Amino acid sequence: GDSVTQMEGPVTLSEEAFLTINCTYTATGYPSLFWYVQYPGEGLQLLLKATKADDKGSNKGFEATYRKETTSFHLEKGSVQVSDSAVYFCALSGRENRDDKIIFGKGTRLHILP
Amino acid sequence: DSGVTQTPKHLITATGQRVTLRCSPRSGDLSVYWYQQSLDQGLQFLIQYYNGEERAKGNILERFSAQQFPDLHSELNLSSLELGDSALYFCASSVGKDTQYFGPGTRLTVL
């Protein structure tokens, strides 16, 4: 079945460092891909999404490109801030099935040090 | 604020008890989804309703059930609770496929 694999954390970086969180997926057809973020004590927020190959999703300085050839959707940010400390989930929504459930990766906890 | 509301925010109960979690979707969204987030299992899809009808089932235990009412709000019923049911329960809503908007969650603690 469909699945998402993302790098295990925690990831600890200094402020203004470059961030990459790797994500690969297995799915039939052309799923939609997402990054969700969960700040401490809060629910999940959609960070960005891409719905077809070569699409780039971007928001709040984060970006990710839908790579069909490598089945990847890596999250990047050029200069992280302390306020980016959170758990990041890569996810997909399959288009082949009748249901619309989202399949999540296990999450990557990010700590940014001032 | 996603526009999805969930009540209560916290729930503490004992083993063997039954609880009801409530979710109000964003205005206009016909689909409601329930997810469970626990430390060992991560985020898991439980069940989806679309305009009052069950559309998909995931890893939902037989002790758990849900429904969606004519006003589109949804309730998740958890019965014969066990310690392992302690988790964060999220509701999400969407218009159709793709983007789902999540509520703030209900933290259930079973003692």
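As the structure is a computational prediction, the values presented were derived from the model and not from experiment.

K.L.:
I would appreciate a short explanation of the overall build of chain B in the present structure.
P.N.:
When helices and strands are tallied, chain B shows 0 helices and 11 strands. Moving toward the C terminus, one meets the helices and strands of chain B in the order β-β-β-β-β-β-β-β-β-β-β. Taking 13 Å as the expected radius of gyration for a compact globule of 111 residues, we find that chain B reaches 13 Å, a close match to that expectation. In chain B, buried positions account for 51% of the 111 residues. For chain B, restricting intrachain contacts to residue pairs at least 6 apart in sequence, the fraction spanning at least 24 positions comes to 52%.

K.L.:
Looking at this model, I keep getting lost on the interface of chain B and chain A. Mind explaining?
P.N.:
How big an interface is tends to be expressed through the accessible area that disappears when the partners come together. Of the residues lining the interface, 19 residues belong to chain B; the matching set on chain A comes to 21 residues. Interface of chain B and chain A: buried area, both sides summed, is about 1,700 Å²; carbon and sulfur atoms make up 51% of it. Our count for the chain B to chain A interface comes out at 0 salt bridges. Linking chain B with chain A are 4 residue pairs in polar contact (both at pLDDT 80 or more). Of all the elements in the fold, those that place two or more residues in the side of chain B that touches chain A are β4 (31–38), β5 (42–50), β6 (53–57) and β9 (87–94) of chain B. The element best represented in the side of chain B that touches chain A is β4(B), accounting for 4 residues. Split by residue class, the side of chain B that touches chain A holds 9 nonpolar, 7 polar and 3 charged.

K.L.:
How should I be thinking about the sheet that holds strand β8 (residues 74–78) of chain B in this particular structure?
P.N.:
Residue and element names in this part refer to chain B. In space, the 4 strands of this open sheet follow the order β1-β3-β8-β7, with antiparallel pairing throughout. For this open sheet the edge positions go to β1 (5–7) and β7 (64–68), each flanked by a neighbour on one side alone. Strand-to-strand twist in this sheet, taken as the mean axis angle between neighbours without regard to direction, amounts to 15°.

K.L.:
What's the story with the state of the cysteines in this structure? I'm lost.
P.N.:
A covalent bond between the sulfur atoms of two cysteines is referred to as a disulfide. Counted by the stated rule, this structure contains 2 disulfides over all chains. A disulfide bridge connects C23(A) with C90(A), and the sulfur atoms are separated by 1.9 Å. Of note, the bridge from C23(A) to C90(A) carries an S-S torsion of about -70° and is left-handed in sense. Pair noted here: C23(A) is in strand β4 (residues 23–26) and C90(A) is in strand β10 (residues 86–93), with a separation of 67 residues, a long-range link. On the accessibility criterion, C23(A) (1% relative accessible area) is buried. Here C23(B) engages in a disulfide with C91(B); their sulfurs sit 1.8 Å apart. Between C23(B) and C91(B), the S-S dihedral sits near -50°, and the bridge is therefore left-handed. In this pair, C23(B) sits in strand β3 (residues 19–24) while C91(B) sits in strand β9, placing the two residues 68 residues apart along the sequence. Summarising the burial analysis for this pair, C23(B) and C91(B) share the class buried.

Each value, and the rule that gives it
- Residues numbered from 1 in each chain as written.
- Chains lettered and ligands numbered in written order.
- Predicted model: local features only at pLDDT ≥ 70, side-chain atom pairs only at ≥ 80, totals over all residues.
- Heavy atoms only, no water.
- Helix = DSSP H or I, 4+ residues; strand = E, 2+ residues; numbered from the N terminus.
- Rg over C-alpha atoms; globule rule 2.2 N^0.38 Å.
- Buried < 20%, exposed > 50% of the residue type's maximum accessible area, 1.4 Å probe, protein only.
- Contact = heavy atoms within 4.5 Å.
- Buried area = accessible area lost by both parts, 1.4 Å probe.
- Salt bridge = Lys/Arg side-chain N within 4 Å of Asp/Glu carboxyl O.
- Polar contact = N/O pair within 3.5 Å; in protein donor to acceptor, adjacent residues only side chain to side chain.
- Nonpolar A, V, L, I, M, F, W, Y, C, P; charged D, E, K, R; others polar.
- Pairing = 2+ DSSP bridges.
- Axes fitted to C-alpha atoms, helices over the stretch in contact; angles between N-to-C directions.
- Disulfide = S-S within 2.5 Å.

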